[in-house]
Amino acid sequence: MSERFGERVRAALHARGPLCVGIDPHAALLAAWGLSDDAQGVREFGLRTVEAASGRVGIVKPQVSFFERFGSQGIAALEDVLGAARAAGLIVIADAKRGDIGSTMDDYARAWLAPGSPLEADALTVNPFLGVGALDGAFALAAENGKGLFVLAATSNPEAEGLQRSTDATGATVSAAVITEVSARNAAESAAGEWGSFGFVIGATVDWTLAGIEPFAPAAPILAPGFGAQGATPADLPHRFDRMSDSVIASESRSILSAGPADLAEAITARATEYREVAGV
């Protein structure tokens, strides 16, 4: 078995700090960068972002949708970006939010997590709202190959509140129940003192009390969108996540990528420094 994903993330956060650079080639950003709105443009955008991030942060997160919109050529561009990022020693989270049942979910997992797959990443975001148990094949494949999953638990978009904050017969919210089920899998899969490899997506602007969630064990990575353009700042990290803040991967994209290709490396360096100061790294 490969080194466990949770421990790889733990080491990366200790070495490089919490910042994760999102690779989100929006059409408007492509235009601002002087790149074409096509597969070649997103490929160039992605490779330039990987180059700027390498050695400055430990984690990048390509948003799959911005590549998928160009069909097979866009997917080929994504393959090149994923390969370049992993070759650079970056931990790569494929933000695809896959979720299905049975063999369909199993093959989604193989596409993104199987060693040697053209789309191989280090971790995949997944949707548990068909039932956490529907992801069992993905949990097993990830554990077998030293990969990770980030399970949607409490997202910051207002449309999610009705579903994620609804309660079951025990009074637990959907968000809390997801965290409890996944944490049980982490406890079974990880040794004492180790981080679990099955992390959570919890928005940086989520009110934990209103969402009905509490600090959990064992520790596992928390992928936290909502920093940067969505309003949360590095200084907010310890206050919003309290004693779980050491586990947070703070994802920013537009707020950094808008610096443009010429100034991107400098923007990443400056923002990463802010996060490291807050985290005491």
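As a reminder, the structure under discussion sits directly above these lines.
Described in the following lines is the structure provided in the data block. (Residues numbered from 1 in each chain as written. Predicted model: local features only at pLDDT ≥ 70, side-chain atom pairs only at ≥ 80, totals over all residues. Heavy atoms only, no water.)

**A word on the packing of helix H3 (residues 39-53) against helix H13 (residues 264-279)**
Which entries qualify depends on this criterion: Under this scheme, a helix contributes an axis fitted over its contacting stretch, all axes are lines through C-alpha atoms, and angles between N-to-C directions fall in the 0 to 180 degree range. Comment: elements are numbered from the N terminus, with helices defined as DSSP H or I runs of at least four residues and strands as E runs of at least two. Working definition: roughly parallel below 35 degrees, roughly antiparallel above 145 degrees, roughly perpendicular at 65 to 115 degrees, and oblique for all remaining angles. Left-handed is the label given to a crossing in which the near helix is rotated counterclockwise from the far helix by less than a right angle, and right-handed is the label when the rotation is clockwise. Whether two residues touch is decided by their heavy atoms; if any such pair falls within 4.5 Å, the residues are in contact. We call Asp, Glu, Lys and Arg charged. Ala, Val, Leu, Ile, Met, Phe, Trp, Tyr, Cys and Pro are nonpolar, and the rest, Gly among them, are polar.
Between H3 and H13, the least distance of the axes is 9 Å, while the angle of their chain directions is 45°. Classed by the angle they form, the pair H3 and H13 counts as oblique. For the element pair H3 and H13, the recorded crossing hand is right-handed. Between H3 and H13, the residues in contact are Arg-48, Thr-49, Ala-52 and Ala-53 and Leu-264, Ala-265 and Ile-268, respectively. Considering only residue class, the contact of H3 with H13 consists of five nonpolar, one polar and one charged.

**Looking at the nonpolar core**
In plain terms, the rule: Here the nonpolar core consists of buried residues drawn from Ala, Val, Leu, Ile, Met, Phe, Trp, Tyr and Cys, with membership extended through side-chain atoms lying within 4.5 Å. The cut-offs for exposure are 20% and 50% of the maximum accessible area for each residue type, with area from a 1.4 Å probe on protein chains only; residues under the lower value are buried, those over the upper are exposed, and the others partly exposed.
One finds Trp-112, Leu-149, Ile-202, Trp-208, Phe-216, Phe-227 and Phe-241 to be the most contacted residues of the largest nonpolar core, which totals 75 residues. If sequence neighbours within four positions are ignored, Ile-202 has contacts with Ala-153, Ala-154, Ile-179, Trp-208, Ile-213, Phe-216, Ile-222, Leu-223, Ala-224, Pro-225 and Phe-241. Residues Phe-5, Leu-152, Trp-195 and Val-201 belong to the second largest nonpolar core, which totals 15 residues.

**With respect to unusual backbone geometry**
Cis geometry is adopted by the peptide bond preceding Pro-218, which originates at Ala-217 and carries an omega value of -5°. For Lys-97, which is not glycine, the phi dihedral falls at a positive 50°. Mapped onto the secondary structure, Lys-97 falls in strand E3 (residues 91-98). Given a relative accessible area of 39%, Lys-97 falls into the partly exposed group.

**A look at the packing of aromatic side chains**
As a reminder of what qualifies: Aromatic rings from Phe, Tyr and Trp, taking only the six-membered ring of Trp, are treated as a pair when their centres fall within 6.5 Å; an angle between ring planes under 30 degrees marks them as stacked, one over 60 as edge-to-face, and anything in between as tilted.
The full count for this structure, using the stated rule, is six aromatic pairs. With a centroid separation of 5.9 Å and 85° between ring planes, the pair formed by Phe-5 and Phe-150 is classed as edge-to-face. Pair noted here: Phe-5 is in helix H1 (residues 5-16) and Phe-150 is in strand E5 (residues 148-154), with a separation of 145 residues, a long-range link. The exposure classification of Phe-5 matches that of Phe-150, with both residues buried.

**Some points on the side chain of Asn-186**
Its place among the elements puts Asn-186 in helix H9 (residues 174-189). For Asn-186, a relative accessible area of 0% translates into the label buried. Contacts of Asn-186, omitting those with residues within four sequence positions, involve Gly-196, Ser-197, Phe-198, Pro-218 and Ala-220.

**Quick notes on the pairing of strand E4 (residues 123-126)**
Consecutive residues of a regular strand have side chains that alternate between opposite faces of the sheet. Using the following cut-off: Here, any two strands with at least 2 DSSP bridges between them count as paired. We call a crossover right-handed when, viewed with both strands directed away from the observer, the connection leading from the first strand over the helix to the second proceeds clockwise.
Side chains of E4 alternate between two faces, with Ala-123 and Thr-125 and Leu-124 and Val-126 buried alike. In this sheet, E4 lies alongside E3 in parallel orientation, the contact comprising three bridges. Bridge pairing links Arg-98 to Val-126 in E4. Crossover connection from E3 via helix H6 (residues 102-113) to parallel E4: handedness right-handed. Alignment of E4 against E5, held across four bridges, turns out to be parallel. Across the sheet, Val-126 pairs through a bridge with Val-151, a residue of E5. Once you follow E4 into helix H7 (residues 136-144) and on to E5, the crossover reads as right-handed.

**Details of the pattern of salt bridges**
Selection criterion: The term salt bridge refers to a pairing of a side-chain nitrogen on Lys or Arg with a carboxyl oxygen on Asp or Glu at a separation within 4 Å.
For the structure on display, the rule yields 19 salt bridges. The partner of Arg-110 in a salt bridge is Asp-107, and the shortest N-O contact between them spans 2.5 Å. Of the two residues, Arg-110 and Asp-107 both sit in helix H6, three residues apart, roughly one turn of that helix. Here Lys-147 and Glu-120 are joined by a salt bridge, their closest N and O atoms 2.6 Å apart. Of this pair, Lys-147 sits in the loop between H7 and E5 while Glu-120 sits in the loop between H6 and E4, placing them 27 residues apart in sequence. No difference in accessibility class separates Lys-147 from Glu-120, as the two residues are buried. Residues participating in the shared-partner salt-bridge network are Arg-8, Arg-86, Glu-120, Asp-122 and Lys-147.

**Some words on helix H5 (residues 71-87)**
Put simply, the rule reads: The span you would expect from a helix comes to 1.5 Å times its residue count less one.
In this model H5 runs 24 Å from its N-terminal to its C-terminal C-alpha over 17 residues, within 8% of the 24 Å that 1.5 Å per residue would give. Directly after H5, the chain includes Gly-89, whose backbone phi takes a positive value near 85°.

**Quick word on the environment of Gln-164**
Put simply, the rule reads: As used in this structure description, the phrase polar contact means that two N or O atoms lie within 3.5 Å; if the pair is within protein, one of them must be able to donate a hydrogen and the other to accept it, and residues adjacent in sequence are counted only when both atoms belong to side chains.
If you trace the backbone, Gln-164 turns up in helix H8 (residues 161-164). Along the sequence, Gln-164 and Ser-54 sit 110 residues apart, while their C-alpha atoms lie 36 Å from each other. Discounting residues that sit within four places of it in the chain, Gln-164 has contacts with Phe-129, Ala-153, Ala-154, Thr-155, Thr-173, Val-174 and Ser-175. There is a polar contact of 2.9 Å between the side chain of Gln-164 and the backbone nitrogen of Thr-155.

Fair warning: the whole summary comes from geometry, so function is off the table for now.
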